[in-house]
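The lines below spell out each chain.
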Amino acid sequence: QNYLDNFWPDLKAAHELFDSIVQARRERESESQENHGKEYPEHLPLEILEAGIKSGRYLQGTLNVNKHRAQLEAFVRLQGCGSKDTG
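Residues numbered from 1 in each chain as written. Predicted model: local features only at pLDDT ≥ 70, side-chain atom pairs only at ≥ 80, totals over all residues. Heavy atoms only, no water.

The chain has the name DI3L1 exonuclease in an unreviewed UniProt entry, where Pomatostomus ruficeps is given as its organism.

In structure tokens:
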């Protein structure tokens, strides 16, 4: 803000862009606080997931996504399996 005010006081588009970025950041921080610091809301409560994992209804694993082809390539590595079981 200081940089824009001091060096580019007449550049209205830059000031509008800065204000827009600040507003978006405030909205994201506000949403994050509402979700208790979580970026996405949980689909199922933690207790249900833990019970499902213990009973064998759900499997726990790590999602690995190709950073170059994220929409096309991903796999899940199951925990506790020595081989590369994917699904």
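> It is not clear to me how the overall build of the chain should be interpreted in this structure. Could you clarify?
Each helix and strand counted, the chain has three helices and two strands in total. The helix and strand sequence of the chain, counted from the amino end, reads α-α-α-β-β. Going through the 87 residues of the chain one by one, you find that 3% of them count as buried. Nonlocal contacts in the chain, meaning residues at least 24 apart in sequence, comprise 0% of its contacts between residues at least 6 apart. For the chain, the exposed surface amounts to about 8200 Å²; the carbon and sulfur share of it is 53%. (Helix = DSSP H or I, 4+ residues; strand = E, 2+ residues; numbered from the N terminus. Buried < 20%, exposed > 50% of the residue type's maximum accessible area, 1.4 Å probe, protein only. Contact = heavy atoms within 4.5 Å. Areas by Shrake-Rupley, 256 points an atom, 1.4 Å probe, with all protein chains shown as cover.)

> How do you make sense of the pattern of salt bridges when you look at a structure like this?
Where side chains of opposite charge bring their charged atoms close, a pairing between them can arise. All chains considered together, the criterion is met by two salt bridges. Residues arginine 25 and glutamate 29 are paired through a salt bridge, measuring 3.4 Å at the closest nitrogen-oxygen approach. Here the residue arginine 25 and the residue glutamate 29 both occupy positions in helix H2 (residues 12-34), the gap between them amounting to four residues, near one helical turn. Taking relative accessible area as the criterion, arginine 25 reaches 59% and is therefore assigned exposed. Classification of glutamate 29 as partly exposed rests on a relative accessible area of 41%. One salt bridge connects glutamate 73 with arginine 69, and the closest N-O pair in it is separated by 3.0 Å. (Salt bridge = Lys/Arg side-chain N within 4 Å of Asp/Glu carboxyl O.)

> Help me understand a nonpolar patch on the surface in this model?
Residues Tyr3, Phe7, Trp8 and Leu11 make up a contiguous nonpolar surface patch of about 470 Å² in total accessible area. Mapped onto the fold, tyrosine 3 is located in helix H1 (residues 2-7). Residue classification places tyrosine 3 among the exposed residues on the basis of a relative accessible area of 51%. (Patch = residues over 30% accessible without salt bridge, like charges linked within 9 Å, V, L, I, M, F, W, Y side chains within 5 Å.)

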